[in-house]
Structures are given as C-alpha cells and as structure tokens.
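What follows is the residue order along each chain.
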Amino acid sequence: MSPFRWLGLAIVFMLLVALPTAWAHDGHMRAILIAELGATSNPLIMQGMVDALDAFGYLDRDDFDAFMRAAHGDGIEITQGGIELDAAAARLQIGEFIDEGYDIFITPSTTATQLAANATQDLDQPPFVLFVGVDDPYGAGLASSPCIKLPNVSGTQSVVPYAEVVAAVNLLDPDITTIGTLHNSSDPAGIAGAAAIAEIAESLGLTVIARGYTDVPTMSVAAEALVSNGAEAVVLPSEAGAAQALVSILHPIMSDNQIPIIAADASLVYSQATIGIGSINFYHWGVNIGRMLVAHLQGELDLASAAIAPASLAISMGINLGVAAEADVAISQALLDEADFHLVGFQSHLTEKGKQNIWQVESMRALGDFLVQFATPETYEFVQGAALPDLTLGQAEFIESVRCTPERIADEQAALDAASQ
C-alpha cells in the first residue's frame with residue numbers, strides 16, 4: 001500500500017460522513033495568517049485573495065492596507081506573520097498563532113508550507129494550510145496527487161518556465177557557451193530548479209557550472225567559483241531568498257565581472273537581476289485561494305477535501321536596463337522585442353508586447369495607486385485605465401475543479417498504484 005493510500009481513504013470517509021459548515025455571517029471570526037519566511041511573499045498574492053473576497057461581499061477592497069498587508073471584513077480577517085526557518089522554532093510559532101485564533105495559514109513558498117504542514121500534522125484539530133504557487137508539492141512530500149495529500153493541506157501549484165529562462169541566454173548572446181547556476185542546498189525548489197536548468201542547458205549544448213550554498217558566506221564562495229570557472233552568464237532558479245542574495249552578493253560580484261544574471265522570476269529585475277523571466281500568476285493564484293475561501297465561507301467546499309489547483313502559466317519577461325549598462329552587457333534588439341517591460345531606474349515601462357499581455361496588465365492593475373511608485377507615468381496611466389475582471393464569473397466551475405469526490409480519489413489512487421508497479 002502506498003504511503004498516501006490511507007490519506008486517500010481518510011478523505012473519502014470524511015466526504016461521506018461530514019458536511020462542510022457554512023462560515024458566512026455565523027458570528028465566528030475566521031482569522032487567516034499569511035505565514036512567510038521573512039518578507040518573501042508577493043503582494044499580488046494577497047491582493048488577489050482580497051479581490052476575490054471583495055467580489056463576493058466579504059470585505060471591501062478599498063479598506064485593504066497594501067502596506068501593512070492586512071484586511072478585515074465580514075467574519076474574516078487576514079494578517080501577515082513571519083515564521084522561522086528552524087523547524088523547532090517554526091513549530092512553536094505556529095502553535096502560538098493557533099492559540100491566538102488563526103485557523104487558516106496561507107504559505108507562499110515550498111519551505112514555509114513544509115514547516116506549517118509538519119507543525120500541524122499531529123494536532124487533533126489542525127488548521128488548514130493553503131499554499132500558493134508551490135512548484136512541486138509532490139516532490140516536497142505534501143501530496144502524491146491533487147487529492148491524495150496531507151489531510152489539512154491544499155493550494156495552488158506553480159510552474160516555472162525554465163525552458164524559456166534558459167532560452168534567454170541565446171537571445172542575450174548566441175556566443176555564450178558556459179553558464180553558471182547556484183541554489184540553496186536546503187530548498188527543494190532551488191534544488192529541482194537548478195537540476196532543470198542544467199538539463200535544459202546541456203541539451204542545448206551549453207556547459208553548466210553548478211554550485212550550492214547553505215548561508216551567506218557559502219553563497220559568496222559559490223558565486224566567486226562561478227566566475228573563476230568561466231561562467232559567461234548566471235541563471236538562477238526560483239527559490240526563497242533569491243532576492244536578498246541578488247542585492248547583497250550576486251549583483252556586486254557579477255556586475256564587477258560583466259556577467260549578466262538571468263533569474264527565473266520576472267520581478268527579480270527589481271532586485272538587480274539583468275533579466276527576469278517567470279510566471280506572473282501571483283495575482284491569479286491569490287484569486288484562486290480567495291475563491292476557495294469564499295466557497296468554504298459559503299459552506300460549498302471543505303478545505304480538507306479541496307484538491308491542489310492545477311498549474312496555469314502566463315509568462316512575463318523584464319529587463320533591467322540600468323543593471324545591464326552598469327555591467328556593460330549589451331541587450332540585443334531581439335531580447336528587447338521579447339520583453340514585456342523594461343526597468344528604467346526603479347520604474348517599469350510596459351512595452352507594446354507587454355500591453356497585449358493581459359496577465360501582465362491585470363497584475364499591475366491590481367496594485368492600484370501603489371503602482372505609481374513602480375511604473376513610469378505613461379505605463380501607470382495605461383494600466384490604471386484597465387478594468388478589473390469580474391471575479392464572480394467562473395466561480396462554480398473553479399470550485400468543481402478542486403473538489404475531491406470519492407470517485408476522483410479512487411481514480412487518482414488507481415493511477416498511482418499502476419505507476420508504482
């Protein structure tokens with residue numbers, strides 16, 4: 001019997017004997033904590049959650065404090081709190097949050113999700129853990145399939161477009177033959193991402209120099225090793241802590257050696273990556289978490305039986321023109337044409353391609369007036385003129401897509417059993 005079969009059977013039992021309890025207007029305040037490692041979560045995740053809850057009347061979008069990342073509404077409150085990377089410390093913190101009344105944890109990274117899941121598995125009435133955009137929940141030990149999973153864990157899966165990330169090396173400079181990559185040796189997302197980068201790059205005939213790190217000193221050593229071993233460009237996987245590493249260590253070292261940095265996250269151009277390519281589904285993932293919360297508030301979905309939402313993928317490319325100039329890295333016209341936005345100083349400018357990218361525009365529009373700090377006047381005016389989507393549309397279809405029926409669980413278990421033979 002597979003290690004997750006008993007979980008599947010347990011979920012079937014719950015589905016047959018338990019009915020979800022409606023939360024709406026029942027006088028019980030549901031406290032939701034966005035539990036993150038430091039300040040790593042993307043603000044668009046919370047904005048998407050808020051917009052979905054606003055669309056169904058649970059809170060007012062205009063009351064959302066984008067700076068404090070706090071929202072309060074009808075029977076629901078959302079706040080942000082940090083947890084430690086150390087498992088024992090995280091367990092204590094999560095226990096304190098539970099004592100304070102938090103019964104839903106939103107975790108915006110693989111590591112945060114693992115910490116929260118591990119800290120709650122032995123509780124009699126564990127809080128729900130909803131992860132956002134985890135690359136590989138199956139490899140991370142959170143699930144074997146969308147419905148065969150840890151009983152109190154669900155969320156939205158992400159896909160990192162590593163093929164497009166590596167392809168940017170040739171767009172940047174077709175004469176590059178050797179790339180470097182480094183990753184956090186304790187981060188499953190970083191490990192898997194570095195392996196994907198190496199596999200794709202080697203299939204394209206590139207030589208790959210890979211290094212791991214465990215902390216700031218070893219990160220610096222790893223970065224210097226990439227330089228001394230002849231890396232002509234550095235390609236970074238999507239992992240927690242990449243932004244801090246870029247600003248404090250990688251950018252200074254690579255800029256001094258005229259080596260461009262290509263990151264698997266478009267937003268990391270704000271953290272001094274030369275080029276960022278990645279999914280811009282942060283807002284959409286937040287919306288989907290909000291949709292799940294709405295359905296649970298309305299008594300239509302038990303989060304314990306909610307499937308992991310299938311991955312969706314919309315790609316954006318950003319180029320930091322200032323960082324490129326500082327490192328004397330030439331940006332080809334082909335690459336400029338492929339980009340959705342350019343960074344001018346610390347303000348983004350949407351290209352014509354970017355204006356046609358509905359995901360790009362929708363994500364920027366979701367920032368509201370906060371966007372004025374991060375966009376050129378022309379881009380700000382264009383984005384502010386875009387309309388927010390009607391998030392009530394498609395709610396029923398989405399909820400059905402994440403509903404784990406006994407039949408679906410049985411089918412997934414049969415597929416897992418067949419694959420293991």
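Residues numbered from 1 in each chain as written. Predicted model: local features only at pLDDT ≥ 70, side-chain atom pairs only at ≥ 80, totals over all residues. Heavy atoms only, no water.

Notes on the packing of helix H3 (residues 87–99) against helix H4 (residues 110–120)
Phase 1 of the analysis: Look at H3 against H4: their axes get within 9 Å of each other, and the N-to-C directions meet at 70 degrees. Considering the angle they form, H3 stands roughly perpendicular to H4. For the pair H3 and H4, the crossing hand works out as right-handed. Taking contact as the criterion, the partners of Ala87, Ala90, Arg91, Ile94 and Ile98 in H3 are, on H4, Leu115, Ala116, Asn118, Ala119 and Thr120.
Phase 2 of the analysis: A per-class count over the contact of H3 with H4 returns seven nonpolar, two polar and one charged. (Axes fitted to C-alpha atoms, helices over the stretch in contact; angles between N-to-C directions. Helix = DSSP H or I, 4+ residues; strand = E, 2+ residues; numbered from the N terminus. Parallel < 35°, antiparallel > 145°, perpendicular 65-115°, else oblique. Left-handed = near helix turned anticlockwise from the far one by under 90°. Contact = heavy atoms within 4.5 Å. Nonpolar A, V, L, I, M, F, W, Y, C, P; charged D, E, K, R; others polar.)

A few points about the packing of aromatic side chains
Geometry of an aromatic ring pair is reported as the spacing of the ring centres plus the angle between the planes.
Phase 1 of the analysis: All told, the structure shown has six aromatic pairs when counted by the stated rule.
Phase 2 of the analysis: On the basis of an interplanar angle of 90 degrees and a centroid distance of 5.9 Å, the ring pair of Phe97 and Tyr102 is categorised as edge-to-face.
Phase 3 of the analysis: Take Phe97: its relative accessible area is 14%, and that puts it in the buried class.
Phase 4 of the analysis: Joined through ring pairs, the aromatic side chains of Tyr270, Phe341, Phe370 and Phe374 make up one cluster. (Phe/Tyr/Trp six-rings, centres within 6.5 Å; stacked < 30°, edge-to-face > 60°. Buried < 20%, exposed > 50% of the residue type's maximum accessible area, 1.4 Å probe, protein only.)

A closer look at the nonpolar core
Phase 1 of the analysis: Formed by 45 residues in total, the largest nonpolar core has its most connected members in Leu53, Ile78, Ile106 and Leu293.
Phase 2 of the analysis: Of all the secondary structure elements, the ones that give two or more residues to this core are strand S1 (30–36), helix H2 (43–55), strand S3 (76–82), strand S4 (102–107), strand S5 (128–134), helix H9 (282–297) and helix H15 (395–401).
Phase 3 of the analysis: No other element matches H9, which puts ten residues into this core.
Phase 4 of the analysis: Apart from residues lying up to four places away in sequence, Ile106 is in contact with Ile32, Leu33, Ile34, Ala35, Met49, Leu130, Val132 and Ile289.
Phase 5 of the analysis: Counting residues in hydrophobic clusters, the runner-up holds 28 residues, among them Ile176, Ala198, Ala264 and Val329. (Core = buried A, V, L, I, M, F, W, Y, C linked by side-chain atoms within 4.5 Å.)

Details of the confidence of the model for the protein chain
Phase 1 of the analysis: On average, residues of the protein chain score 86 in pLDDT, and 90% of them reach the 70 mark or higher.
Phase 2 of the analysis: Counting interchain partners and residues more than four positions distant, the pLDDT-below-50 stretch residues 1–27 has 48 contacts. (pLDDT = per-residue confidence, 0-100.)

Side note on the sheet that holds strand S6 (residues 153–157)
Phase 1 of the analysis: Overall, mixed pairing links the six strands, which are arranged S2-S3-S1-S4-S5-S6 in an open sheet. Of all the strands in the sheet, the pair left with one neighbour each is strand S2 (71–73) and S6. For this sheet, the mean inter-axis angle between neighbouring strands, taken without regard to orientation, is 20 degrees.
Phase 2 of the analysis: Pairing of S2 with S3, which is carried by three bridges, proceeds in the antiparallel orientation. When the bridges of S3 are listed, His72 appears paired with Glu77.
Phase 3 of the analysis: Its contacts with the sheet place H3 against S1, S3 and S4, and it is angled at close to 135 degrees to S4.
Phase 4 of the analysis: Lying on the sheet, H9 is in contact with S1, S3, S4, S5 and S6; it crosses S5 at an angle near 155 degrees. (Pairing = 2+ DSSP bridges.)

A short note on the pattern of salt bridges
Phase 1 of the analysis: Under the counting rule described, the total for this entry stands at eight salt bridges.
Phase 2 of the analysis: With a closest N to O distance of 3.5 Å, Glu352 and Lys355 form a salt bridge. With Glu352 and Lys355 both in helix H12 (residues 352–355), this residue pair falls three residues apart, about one helical turn.
Phase 3 of the analysis: The exposure class assigned to Glu352 is exposed, which follows from its relative accessible area of 56%.
Phase 4 of the analysis: Under the relative-accessibility criterion, Lys355 is labelled buried at 17%.
Phase 5 of the analysis: By sharing partners, the salt bridges in this structure join Glu352, Lys355 and Glu378 into a single network. (Salt bridge = Lys/Arg side-chain N within 4 Å of Asp/Glu carboxyl O.)

Topic: the state of the cysteines
Phase 1 of the analysis: According to the stated counting rule, one finds one disulfide in the structure shown.
Phase 2 of the analysis: Each sulfur in the disulfide pair Cys147 and Cys404 lies 2.0 Å from the other. The disulfide joining Cys147 to Cys404 has a torsion of about -95 degrees about its S-S bond and is therefore left-handed. Here Cys147 is found in the loop between S5 and S6, whereas its partner Cys404 is found in the loop between H15 and helix H16 (406–420), with 257 residues between them in sequence. In this pair, the class of Cys147 matches that of Cys404, namely buried. (Disulfide = S-S within 2.5 Å.)

Examining the sheet that holds strand S11 (residues 275–279)
Phase 1 of the analysis: Strand order in the open sheet made by the eight strands is S8-S7-S9-S10-S11-S12-S13-S14, with mixed pairing throughout. With partners counted over all chains shown, the strands left at the sheet margins are strand S8 (207–213) and strand S14 (347–350), one partner each. Going from strand to strand, the sheet's axes swing by 25 degrees on average, the running direction of each strand aside.

Examining the packing of helix H5 (residues 162–172) against helix H6 (residues 188–203)
Phase 1 of the analysis: Contact pair H5 / H6: the axes reach a minimum separation of 9 Å and the direction vectors enclose 55 degrees. When the axes of H5 and H6 are compared, the pair comes out oblique. The way H5 lies across H6 gives a crossing that is right-handed. The residues of H6 that touch H5, namely those facing Tyr162, Ala163 and Val166, are Ala189, Gly193, Ala196, Ile197, Ile200 and Ala201.
Phase 2 of the analysis: By residue class, the composition of the contact of H5 with H6 is eight nonpolar, one polar and no charged.

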